[in-house]
Amino acid sequence: PLWILDPIDGTKNFARGHDGFAVMVAWVLEGYARAAWLLLPARRLMIVAEAGSGAFVNGERLRVPDPPATGLPRGSFLTRYMPESARALIDRGARGRYQPVPDFACAAVEYTDVMHGRRDFVVYYRLMPWDHAAPALILEEAGGRVDHLDGLPYGPRSEDQLTIVARDGGMAGQVREWLTR
C-alpha cells in the first residue's frame, strides 16, 4: 500500500489568497487508487470516493451531470508541459471544436469542474501522481473518464502523455477523435 499526498494543490492560488487550492490524498494498492479524498477548504467541499462504491461530496452522492443540450463542449488543453508535437496535434485537431475554459493551475479545481459539469473535458500531459491519483478515482466513481490518448485508462503509475479527463466516455472519445484524425 502507498499513500499519495498533495498537501497544497494550487500552491500559487493559496499563496495569493485565491480559493482555487486543495488538499488531496489517495490510497494506492497494487498500483491502483482504491480510495481518495479531496478537500477544497475555501470552497467548503469535501469529496471522497472508494473504488466500486461511488463518490460523495459533503456526504451526498456525486454524479457527473448530463451535458448541455446545445453548444460546443467546454474544455481546456493544458499545454504548458506538453512537447511541441502534442501541441501541434491540438492545434490541428481541436481548433474551433470547443469553447475554451481557462485553467486554474490546480488539478483539483479542474477535475471538480468536470465533476460538477462546469467543463466537459481537460487534457493534460504532465501526470504527477499527487495531482491525478485522487481526483481521477473520484471522477471515475462519479461517472467520468480519465483515459490516455490511446484509450488505455490512467493509473498512478502512468508516464507523462496526452490524457483526457472527461465527463463521460462519449466526450473522451470525441476529444480522442479530434487528436487522432
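The structure displayed is predicted, hence computed values, not measured ones. (Residues numbered from 1 in each chain as written. Predicted model: local features only at pLDDT ≥ 70, side-chain atom pairs only at ≥ 80, totals over all residues. Heavy atoms only, no water.)

Trainee: Explanation requested: the overall build of the protein chain in the structure shown.
Mentor: Looking only at helices and strands, the protein chain features five helices and 11 strands. Considering only C-alpha atoms, the protein chain reaches an extent of 40 × 35 × 30 Å along its principal axes. Expressed as a percentage of the 181 residues in the protein chain, the buried residues total 48%. If you take every contact in the protein chain between residues at least 6 apart in sequence, the share linking residues at least 24 apart comes to 58%. Approximately 9,200 Å² of the protein chain is accessible, and the part contributed by carbon and sulfur atoms is 53%. (Helix = DSSP H or I, 4+ residues; strand = E, 2+ residues; numbered from the N terminus. Buried < 20%, exposed > 50% of the residue type's maximum accessible area, 1.4 Å probe, protein only. Contact = heavy atoms within 4.5 Å. Areas by Shrake-Rupley, 256 points an atom, 1.4 Å probe, with all protein chains shown as cover.)

Trainee: Honestly, the pairing of strand E7 (residues 74-77) in this entry has me stumped. Any pointers?
Mentor: Side chains on a regular strand alternate between the two faces of the sheet. With burial as the criterion, each face of E7 is covered, one bearing Arg74 and Ser76 and the other bearing Gly75 and Phe77. Relative to strand E8 (residues 99-100), E7 runs parallel, the two sharing two bridges. Bridging across to E8, glycine 75 finds its partner in proline 100. You can see the chain leave E7, run along helix H2 (residues 84-94) and come back into E8, and the turn it takes is right-handed. With three bridges joining them, E7 and strand E9 (residues 121-124) adopt parallel strand pairing. Within E9, the position partnered with phenylalanine 77 by the bridge is valine 123. (Pairing = 2+ DSSP bridges. Right-handed = clockwise from strand over helix to strand, strands pointing away.)

Trainee: In this structure, what is going on with the sheet that holds strand E3 (residues 32-40)? I would like to understand it.
Mentor: Pairing between the strands of a sheet comes from backbone hydrogen bonds, and it takes one of two forms, parallel or antiparallel. Strand order in this open sheet of six strands is E1-E2-E3-E4-E5-E6, and the pairing throughout is antiparallel. The open sheet terminates on both sides in strands that have one partner only, identified here as strand E1 (2-9) and strand E6 (60-62). Going across the sheet, the axis of each strand differs from the next one's by a mean of 20°, ignoring polarity. Sheet topology places E1 next to strand E2 (residues 22-29); six bridges connect them, and they run antiparallel. Of the residues in E2, the one forming a bridge with leucine 5 is valine 25. Contacts between helix H3 (residues 107-115) and the sheet are confined to E1, E2, E3, strand E4 (45-50) and E6, with E3 contributing the most and set at about 100° to the helix. Where helix H4 (residues 129-141) meets the sheet, it contacts E1, E2, E3, E4, strand E5 (54-57) and E6, and its direction lies at approximately 95° from that of E3. (Axes fitted to C-alpha atoms, helices over the stretch in contact; angles between N-to-C directions.)

Trainee: I would appreciate a short explanation of the layout of surface pockets in the present structure.
Mentor: The gaps of empty space that remain are located by a probe, the size of a water molecule, rolled over the atoms. Size it by volume and the largest pocket reaches roughly 610 Å³. Contributing to the lining of the largest pocket are 22 residues, with Arg80, Tyr81, Ala105, Cys106 and Asp131 lying nearest its centre. Put simply, the parts of the chain that give the lining of the largest pocket at least two residues each are E1, helix H1 (11-16), H3 and H4. Of the residues that constitute the lining of the largest pocket, the class distribution is 10 nonpolar, four polar and eight charged. What the second largest pocket holds in volume is close to 310 Å³. Elements that contribute at least two residues to the lining of the second largest pocket include exactly E3 and H4. Residue contributions to the lining of the second largest pocket peak at four residues, all from H4. Along the lines of polarity and charge, the residues of the lining of the second largest pocket split into nine nonpolar, four polar and four charged. (1 Å grid on protein atoms, 1.4 Å probe; cavity = no way out; pocket = protein on both sides within 12 Å on 5 of 7 lines; lining within 4 Å. Points joined across faces, edges and corners; volume = space filled by probe spheres on them. Nonpolar A, V, L, I, M, F, W, Y, C, P; charged D, E, K, R; others polar.)

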